[in-house]
Amino acid sequence: DSGVTQTPKHLITATGQRVTLRCSPRSGDLSVYWYQQSLDQGLQFLIQYYNGEERAKGNILERFSAQQFPDLHSELNLSSLELGDSALYFCASSVGTSGRSYNEQFFGPGTRLTVL
Amino acid sequence: QQPVQSPQAVILREGEDAVINCSSSKALYSVHWYRQKHGEAPVFLMILLKGGEQKGHEKISASFNEKKQQSSLYLTASQLSYSGTYFCGTGANAGGTSYGKLTFGQGTILTVHP
């Protein structure tokens, strides 16, 4: 158990819908990262937040957005869902005292999103 | 750009050794290694930084050749529990605006048989 929690574990929805994935980092971790893992794309970095501020951005679609709240939990919002958005979404956290990439990242169990 | 891992897959008997390589076309600041079992979250194994600093599990060793922009993960005396997919993730320059971003390779599937 990494100490990172994600809810829900599974999510099944229809195309065009909007969903929110939630992540609580390990106690004391200030950085939160979101990743998308699909069979054909591997593990893709989406976005990083550090202490409430966006710090790094990957190939995140405009339909996707995220935020980190004052209590450091983070939410990833996916809207206008398409079949291709079906994937495993991981959240990771690190101590990230400066948001640097050398902090080891601890991954949560993931949310499996299925878009029908 | 995604780092390239080799080999794509490797099959071992318990007790055998393996090396997994990770190559990047971009200058690297850090290399992170993770192992993922099917349906589970990636688990941190090791970080190697430009300049030689590294931290990770005692039973795992790795190298980082900054000039060649390559890293290798050494798995010795393999156990059944080593089976899984190994990913390397490369970190950009710490001074850049994307210093939190890791770009992962496509993974190497390791299978250890009794």
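Everything below is about the structure shown above.
Notes on the structure follow.

Calculation notes
Residues numbered from 1 in each chain as written. Chains lettered and ligands numbered in written order. Predicted model: local features only at pLDDT ≥ 70, side-chain atom pairs only at ≥ 80, totals over all residues. Heavy atoms only, no water. Helix = DSSP H or I, 4+ residues; strand = E, 2+ residues; numbered from the N terminus. Rg over C-alpha atoms; globule rule 2.2 N^0.38 Å. Buried < 20%, exposed > 50% of the residue type's maximum accessible area, 1.4 Å probe, protein only. Areas by Shrake-Rupley, 256 points an atom, 1.4 Å probe, with all protein chains shown as cover. Salt bridge = Lys/Arg side-chain N within 4 Å of Asp/Glu carboxyl O. Pairing = 2+ DSSP bridges. Axes fitted to C-alpha atoms, helices over the stretch in contact; angles between N-to-C directions. Contact = heavy atoms within 4.5 Å.

## Considering the overall build of chain A
Per the secondary structure count, chain A includes zero helices and 11 strands. Reading the helices (α) and strands (β) of chain A from amino to carboxyl end gives β-β-β-β-β-β-β-β-β-β-β. A compact globule built from 116 residues would reach a C-alpha radius of gyration of about 13 Å, and chain A, at 13 Å, matches this within 12%. Taken along the three principal axes of its C-alpha coordinates, chain A extends 40 × 30 × 30 Å. Every one of the 116 residues in chain A was classed for burial, and the buried ones make up 53%. About 5300 Å² of surface is accessible on chain A, with carbon and sulfur atoms providing 47% of the total.

## Side note on unusual backbone geometry
That bond from T7 of chain A to P8 of chain A is cis: its omega, -10°, falls within 30 degrees of zero. With respect to the element layout, P8 of chain A can be found in the loop between β1 (5–7) and β2 (10–13). In the segment running from S6 of chain B into P7 of chain B, the intervening peptide bond is cis, with an omega of -5°. Mapped onto the fold, P7 of chain B is located in the loop between β1 (4–6) and β2 (9–13). The phi angle at L72 of chain A is positive, at roughly 80°, despite the residue not being glycine.

## Considering the pattern of salt bridges
All names here are of chain A. Summed over all chains, the structure comprises five salt bridges over all chains. A salt bridge links R22 to E75, with the shortest nitrogen-to-oxygen separation between them at 3.9 Å. Within this pair, whereas R22 is found in strand β3 (residues 19–24), its partner E75 is found in strand β8 (residues 74–78), the two being separated by 53 residues in sequence. R22 gets classed as partly exposed once you look at its relative accessible area, which sits at 34%.

## Side note on the sheet that holds β8 of chain A
All names here are of chain A. Pairing in this open sheet of four strands is antiparallel, and the strands run β1-β3-β8-β7 from one edge to the other. Either end of the sheet is taken by a strand with one partner, and the two such strands are β1 and β7 (64–68). Averaged over all pairs of adjacent strands, the angle between strand axes in this sheet comes to 15°, irrespective of strand direction. Strand direction decides the pairing type here: β7 and β8, joined by five bridges, are antiparallel. Bridge assignment links Q68 to a residue of β8, and that residue is S74.

## What to know about the sheet that holds β1 of chain B
All names here are of chain B. Reading across the sheet, the four strands line up as β1-β3-β8-β7 and stay open at both edges, with antiparallel pairing between neighbours. Of all the strands in the sheet, the pair left with one neighbour each is β1 and β7 (61–65). Taking each pair of neighbouring strands and ignoring which way they run, the sheet shows an average axis angle of 15°. Where β7 lies against strand β8 (residues 70–75), five bridges are found, and the strand directions are antiparallel. Residue pairing for β8: S61 is matched across the bridge by Y74.

## Some points on the environment of F44 of chain B
By secondary structure assignment, the location of F44 of chain B is in strand β5 (residues 43–49). Look at F44 of chain B and you get buried, because its relative accessible area is 10%. Linking F44 of chain B and S61 of chain B, residues 17 residues apart in sequence, is a C-alpha distance of 13 Å. Ignoring anything within four residues of it in the chain, the contact list for F44 of chain B reads E104 and Q105 of chain A together with W33, Y34, K55, G56 and H57 of chain B.

## Observations regarding the pairing of strand β4 (residues 30–36) of chain B
Residue and element names in this part refer to chain B. With seven of seven residues buried, β4 is to be regarded as a mostly interior element. Connecting β4 to the antiparallel partner β5 that follows it, the hairpin turn spans six residues, and G39 within it adopts a positive phi of roughly 80°. Taken together, the seven bridges between β4 and strand β9 (residues 84–91) define a ladder with antiparallel strand orientation. Paired with Y34 across the two strands is F87, which belongs to β9.

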